[in-house]
Amino acid sequence: MSQTRPAAVVVLAAGAGTRMKSRTPKVLHRIGGRSLLGHVLTAARGLEPERLAVVVRHERDLVAAHALEVDDAVVLVDQDEVPGTGRAVQCALTALDLAAQAEPNGNSGRRHAADVLAGSVLVTAGDTPLLDAGTLGELVHAHEADGNAVTILTTTVEKPQGYGRILREGGAVVGVVEERDATDEQRAIREINTSTYVFDAAVLRDALGQIGQDNDQGEVYLTDVVALAHEAGLPVRAVSVEDSWLVEGVNDRVQLSVLGAELNRRVLEDWMREGVTVVDPATTWVDVTVELAPDVTLLPGTQLHGRTVVGEGATVGPDTTLTDVRVGPGATVIRTHGSGAEIGEDAAVGPFTYVRPGTRLGPEGKIGAFYETKNVQVGRGSKLSHLGYAGDAVIGEHTNIGCGNITANYDGEHKHPTVIGSHVRTSSATVFVAPVEIGDGAYTGAGAIIREDVPPGALSVPDHGQRTMPGWVSRRRPESASAEAAAQALDTSQPTDGPGTTDEEDTQR
């Protein structure tokens with residue numbers, strides 16, 4: 001068992017967060033692609049604790065559901081009407097003891113004869129999003145290596161207002177005093193409590209049974225455990241972090257914004273050190289869940305969210321927002337809003353493009369200016385260059401979709417598919433009225449409204465409706481890739497004639 005693996009981690013997420021002035025519980029506000037609680041749970045799970053508990057109360061169902069969404073193995077603990085962090089942890093210990101009792105004997109080396117949780121218990125707040133697993137692991141390691149009863153994480157700040165102060169005598173930690181209960185002399189102390197601790201479970205359980213609500217706020221203070229342990233002659237230690245950002249909590253929207261910016265700065269710095277070019281960090285935002293390869297370039301005004309992945313050598317931006325998008329190596333994505341899409345290797349998207357979920361753009365393909373796509377598969381080398389819409393469609397390889405083309409996929413009640421083959425050439429302002437299929441190598445004329453299937457190699461033009469001329473491509477473009485594709489599709493290398501297809505009747509595009 002790792003030295004830094006605690007018996008349990010308890011995350012406090014029961015508070016109302018009234019200073020946020022929001023219908024959304026404080027711990028569910030988001031920065032860097034995760035909720036505040038999500039950041040804390042991710043860090044806590046990084047320690048591989050035997051149990052991970054979340055204490056809930058305010059907007060209980062919302063917070064509980066989100067906690068389980070982040071980590072379906074968490075133990076949910078309901079805090080009762082007794083206020084205070086001490087009471088929250090006491091409720092968590094009761095729930096964890098019950099969980100320990102439910103285990104078959106011998107499953108946990110931490111348990112003892114009383115059949116309750118034993119070992120190190122890490123307690124942390126649900127609103128400290130920058131506190132990482134590495135820092136928490138060092139705290140737990142120091143606690144266990146020194147055999148402490150209590151180990152408290154502290155930091156020193158220039159302006160300690162609003163925080164509990166660390167009380168020392170001869171350098172030793174003797175207690176924590178909340179600001180409301182502090183004397184003027186104590187308020188001058190700059191070493192503060194970060195609301196992150198490691199306790200020996202037995203010491204914590206015994207101390208919480210002795211704490212009352214005799215303080216300015218009428219709450220059960222978890223910090224009182226520190227003084228009780230010291231008075232009992234038990235070892236109490238503080239581990240101080242120089243980087244105060246790691247332990248900064250969120251109480252209002254201002255702090256949420258400040259911490260969001262600091263988190264983003266750190267994320268960008270980490271990626272730049274891994275070989276990513278960020279031209280303007282001040283206008284570039286990247287979630288912690290995003291993955292970037294070396295030699296990616298992010299241009300100004302770029303925002304990457306969710307599970308977005310950008311491949312080696314790709315360029316994203318300027319002024320681009322992508323959510324859950326996979327961008328292939330060497331691709332370029334310019335002034336684009338995209339979500340739930342895949343952009344292939346060396347493909348190009350933008351500018352002013354809306355790439356919606358289900359879009360799959362193949363290698364070397366293009367979706368150009370003022371185009372919208374949804375649930376579309378575009379084959380290698382095919383181009384949808386400008387001013388159009390494609391929805392519920394499959395487009396083959398090396399096809400060129402002309403300016404102003406749209407797939408009319410919705411009949412008012414149902415969506416219908418459009419299938420366009422390889423090496424197809426469609427002229428301007430073509431409308432595909434789905435369901436419809438265009439064969440390999442086919443052409444359409446300007447302004448065509450395609451209501452009926454077009455065979456491979458045929459030309460379809462507007463003529464009091466739709467007029468289709470089979471074999472047109474083989475006669476008029478005999479050496480073209482379109483003619484070759486049509487011949488393969490028809491399983492013949494000879495032109496195919498049909499009614500109304502003489503050269504005299506053929507219509508130029």
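Residues numbered from 1 in each chain as written. Predicted model: local features only at pLDDT ≥ 70, side-chain atom pairs only at ≥ 80, totals over all residues. Heavy atoms only, no water.

**So, the confidence of the model for the protein**
Part 1 of the reasoning: Mean pLDDT over the protein stands at 92; residues scoring 70 or higher make up 93%.
Part 2 of the reasoning: Per-residue pLDDT stays below 50 along residues 495-509; that stretch engages in 34 contacts with residues further than four places along the chain or on separate chains. (pLDDT = per-residue confidence, 0-100. Contact = heavy atoms within 4.5 Å.)

**Some points on unusual backbone geometry**
Part 1 of the reasoning: Going from Gly350 to Pro351, the amide bond is cis rather than trans, its omega being 5 degrees.
Part 2 of the reasoning: Looking at where Pro351 falls in the secondary structure, it is placed in the loop between strand 24 (348-349) and strand 25 (353-355).
Part 3 of the reasoning: In the segment running from Ala434 into Pro435, the intervening peptide bond is cis, with an omega of 5 degrees.
Part 4 of the reasoning: The phi torsion at Lys21 lies on the positive side, around 50 degrees, for a residue other than glycine.
Part 5 of the reasoning: Assignment of secondary structure puts Lys21 in the loop between strand 1 (8-13) and strand 2 (30-31).
Part 6 of the reasoning: In this structure Lys21 comes out as exposed when scored by relative accessible area, which is 75%.
Part 7 of the reasoning: With a phi angle near 50 degrees, Asn375 is a residue other than glycine that sits in the positive phi range.
Part 8 of the reasoning: One can find Asn375 in strand 27 (residues 366-378).
Part 9 of the reasoning: Accessibility expressed as a relative area gives 39% for Asn375, which makes it partly exposed. (Helix = DSSP H or I, 4+ residues; strand = E, 2+ residues; numbered from the N terminus. Buried < 20%, exposed > 50% of the residue type's maximum accessible area, 1.4 Å probe, protein only.)

**Digging into the side chain of Thr373**
Part 1 of the reasoning: Position of Thr373 relative to the elements: it lies in strand 27.
Part 2 of the reasoning: Polar side-chain contacts of Thr373 include one of 2.9 Å to the side chain of Thr359.
Part 3 of the reasoning: Apart from residues lying up to four places away in sequence, Thr373 is in contact with Tyr354, Val355, Arg356, Thr359, Ile367, Leu384 and Ala390. (Polar contact = N/O pair within 3.5 Å; in protein donor to acceptor, adjacent residues only side chain to side chain.)

**So, a nonpolar patch on the surface**
Part 1 of the reasoning: A cluster of nonpolar residues, Trp245, Val254 and Val258, forms a patch on the protein surface that exposes about 260 Å² of accessible area.
Part 2 of the reasoning: Secondary-structure assignment places Val258 in helix 8 (residues 253-273).
Part 3 of the reasoning: Of the residues examined, Val258 reaches a relative accessible area of 39% and is grouped as partly exposed. (Patch = residues over 30% accessible without salt bridge, like charges linked within 9 Å, V, L, I, M, F, W, Y side chains within 5 Å. Areas by Shrake-Rupley, 256 points an atom, 1.4 Å probe, with all protein chains shown as cover. Salt bridge = Lys/Arg side-chain N within 4 Å of Asp/Glu carboxyl O.)

**Some details on the layout of surface pockets**
Part 1 of the reasoning: Looking at the largest pocket, its volume works out to about 1500 Å³.
Part 2 of the reasoning: Lining of the largest pocket is provided by 45 residues; of these, Arg19, Lys26, Thr85, Ser195 and Asn251 occupy positions nearest its centre.
Part 3 of the reasoning: Within the residue set of the lining of the largest pocket, elements represented by two or more residues are strand 1, helix 3 (85-102) and strand 10 (191-200).
Part 4 of the reasoning: Of the residues forming the lining of the largest pocket, the biggest block, four residues, is contributed by strand 10.
Part 5 of the reasoning: Tallied by class, residues from the lining of the largest pocket come to 15 nonpolar, 20 polar and 10 charged.
Part 6 of the reasoning: Looking at the second largest pocket, its volume works out to about 270 Å³.
Part 7 of the reasoning: Considering the residues around the second largest pocket, the lining is formed by 14 residues, among which Arg30, Gly33, Arg34, Thr289 and Arg307 are closest to the centre.
Part 8 of the reasoning: Of all elements in the fold, only strand 3 (34-35), helix 1 (36-45) and helix 2 (60-70) reach the threshold of two or more residues within the lining of the second largest pocket.
Part 9 of the reasoning: By residue number, the principal contributor to the lining of the second largest pocket is helix 2, which donates three residues. (1 Å grid on protein atoms, 1.4 Å probe; cavity = no way out; pocket = protein on both sides within 12 Å on 5 of 7 lines; lining within 4 Å. Points joined across faces, edges and corners; volume = space filled by probe spheres on them. Nonpolar A, V, L, I, M, F, W, Y, C, P; charged D, E, K, R; others polar.)

**A few points about the packing of helix 3 against helix 6 (residues 201-208)**
Part 1 of the reasoning: As a packed pair, helix 3 and helix 6 sit with axes 10 Å apart at the nearest point and diverge in direction by 125 degrees. Taken together, the axes of helix 3 and helix 6 are oblique relative to one another. Considering only the axes of helix 3 and helix 6, their crossing is left-handed. Note on element contacts: helix 6 touches helix 3 through Leu204, Arg205 and Leu208, opposite Gly86, Val89, Gln90, Leu93 and Asp97.
Part 2 of the reasoning: When its residues are assigned to classes, the contact of helix 3 with helix 6 shows four nonpolar, two polar and two charged. (Axes fitted to C-alpha atoms, helices over the stretch in contact; angles between N-to-C directions. Parallel < 35°, antiparallel > 145°, perpendicular 65-115°, else oblique. Left-handed = near helix turned anticlockwise from the far one by under 90°.)

**As for the packing of aromatic side chains**
Part 1 of the reasoning: What the rule picks out here adds up to three aromatic pairs.
Part 2 of the reasoning: Pairing Phe352 with Phe370 gives two aromatic rings, centres 5.1 Å apart and planes at 15 degrees, and the pair type is stacked. Residue Phe352 is located in the loop between strand 24 and strand 25, and its partner Phe370 is located in strand 27; the two are separated by 18 residues in the primary sequence.
Part 3 of the reasoning: With 5.5 Å between their ring centres and 50 degrees between their planes, Tyr443 and Trp472 make a pair best called tilted. With Tyr443 in strand 35 (residues 443-444) and Trp472 in helix 9 (residues 472-476), this residue pair connects regions lying 29 residues apart in the sequence.
Part 4 of the reasoning: Of the residues examined, Tyr443 reaches a relative accessible area of 6% and is grouped as buried.
Part 5 of the reasoning: Residue Trp472 is classed as buried on the basis of its relative accessible area of 0%.
Part 6 of the reasoning: Directly above the aromatic system of Tyr410 lies the positively charged group of Lys415, at a separation of 5.8 Å from the ring centroid. (Phe/Tyr/Trp six-rings, centres within 6.5 Å; stacked < 30°, edge-to-face > 60°. Lys NZ or Arg CZ within 6 Å of the ring centre and 35° of its normal.)

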